[in-house]
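A closer look at the structure
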Amino acid sequence: MKRSEAQTVGEIARQLFKDMNLEDQMLQQQILDIWPKVVGPVIAKRTVERYISGDKLVVNIVSAPIRNELMMHRSRLLESLNKAVGKNVISDVIIK
């Protein structure tokens, strides 16, 4: 069977993850990786822990004022994170 279109390694990897039902786990890891980019360096420095539990992103922030500010903008933060990976992967952001 001859293939007429060339595929990049990234496209092949994405298809493999999708076929193995690992796409959401890969996207969840990407959300953890892009957290500093989305929130910026000041908030990233004060984030001591971040992990995914089910379909929720849990972050532990050591600064009370920053924690309160993030809680007020939680829906916008959730939208930005999901938009950055191109799919609704997480349903909530829990800020501790």
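Residues numbered from 1 in each chain as written. Predicted model: local features only at pLDDT ≥ 70, side-chain atom pairs only at ≥ 80, totals over all residues. Heavy atoms only, no water.

**Description of the pairing of strand 2 (residues 56-61)**
Under the convention used in this document: One requirement defines pairing of two strands: DSSP has to find at least two bridges between them. The helix and strand labels rest on DSSP assignments: H or I over at least four residues marks a helix, E over at least two residues marks a strand, and numbering proceeds from the N terminus.
Here strand 1 (residues 47-53) pairs with strand 2 via six bridges, running antiparallel. Looking at strand 2, one finds that glutamate 49 is bridged to asparagine 60. Between strand 1 and strand 2, which pair antiparallel and follow one another directly, the connecting turn spans two residues, one of which, glycine 54, has a positive phi of 70 degrees. Direction of pairing for strand 2 relative to strand 3 (residues 92-95): parallel, over a ladder of four bridges. By the bridge assignment for strand 3, valine 58 is matched with isoleucine 94.

**Considering the sheet that holds strand 2**
Put simply, the test is: Here, axes are lines fitted to C-alpha atoms. For helices the fit covers the stretch in contact, and angles between N-to-C directions go from 0 to 180 degrees. Every residue pair with non-hydrogen atoms within 4.5 Å of one another is taken to be in contact.
If you trace the three strands from one edge of the open sheet to the other, you get 1-2-3, paired in mixed fashion. Single-partner strands in this sheet number two, and they are strand 1 and strand 3. Looking at each pair of strands side by side, their axes are set apart by 20 degrees on average, direction ignored. Here helix 2 (residues 23-39) sits on the sheet in contact with strand 1 and strand 2, set at roughly 160 degrees to strand 1. The sheet strands contacting helix 5 (residues 74-85) are strand 2 and strand 3, and the helix crosses strand 3 at an angle near 125 degrees.

**Brief notes about the side chain of asparagine 82**
As a reminder of what qualifies: Per-residue accessibility, obtained with a 1.4 Å probe over protein chains only, is compared with the maximum for each type, and a residue is labelled buried under 20%, exposed over 50%, and partly exposed between these values.
Mapped onto the secondary structure, asparagine 82 falls in helix 5. Here asparagine 82 falls in the buried class, since its relative accessible area comes to 5%. Residues in contact with asparagine 82, not counting those within four places in the same chain, are Ile31, Lys87, Asn88, Val89 and Ile90.

**Notes on helix 2**
How we decide: A helix is expected to span 1.5 Å for every residue after the first. We define the bend at each residue as the angle formed by axes fitted to the 7 residues ending at it and the 7 residues starting at it.
Look at helix 2: 24 Å from first C-alpha to last across 17 residues, which is about the 24 Å you get at 1.5 Å a residue. Bending of helix 2 peaks at approximately 45 degrees at the position of aspartate 33, with proline proline 36 no more than four residues after it. Residues of helix 2 that are buried include every one of Leu27, Gln28, Ile31, Leu32, Ile34, Trp35 and Val39, and no others. Summarising the contacts, the buried residues of helix 2 are in contact with helix 3 (41-45), strand 1, strand 2, helix 4 (64-72) and helix 5. Where helix 2 ends, the next residue or the one after it, glycine 40, has phi of about 95 degrees, a positive value.

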